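Each chain is listed here by its residues.
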Amino acid sequence: MTEQGLSEAIRQRLRQKMPTEISAHENWRQHLDALAIADERHVRIATEGALLGGLVEKGFNPEL
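A few points on the structure. (Residues numbered from 1 in each chain as written. Predicted model: local features only at pLDDT ≥ 70, side-chain atom pairs only at ≥ 80, totals over all residues. Heavy atoms only, no water.)

Topic: the overall build of the chain
Across its full length, the chain carries 3 helices and 0 strands. Secondary structure of the chain in N-to-C order comes out as α-α-α. Dimensions of the chain along its principal axes, counting C-alpha atoms only, are 30 × 25 × 20 Å. Considering the chain as a whole, with its 64 residues, one finds that 19% of them fall into the buried category. The long-range share in the chain, meaning contacts at least 24 apart out of those at least 6 apart in sequence, stands at 34%. Accessible area for the chain stands at about 4,900 Å²; split by element, carbon and sulfur atoms hold 51% of it. (Helix = DSSP H or I, 4+ residues; strand = E, 2+ residues; numbered from the N terminus. Buried < 20%, exposed > 50% of the residue type's maximum accessible area, 1.4 Å probe, protein only. Contact = heavy atoms within 4.5 Å. Areas by Shrake-Rupley, 256 points an atom, 1.4 Å probe, with all protein chains shown as cover.)

Right under this line is the structure:
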């Protein structure tokens, strides 16, 4: 997220309120809306970061 230029303020909001699991796209969008993350670029970066984080948590190598 840092390398993609996501601001520290947005990264801070994501860190403080990151759920452990979201099972539906609409729930993820609601979560981002609650954090006031609506810009399409910011949503994409946050979503990609969450997906990568979930894979790393399950043991996937982030360098792939």
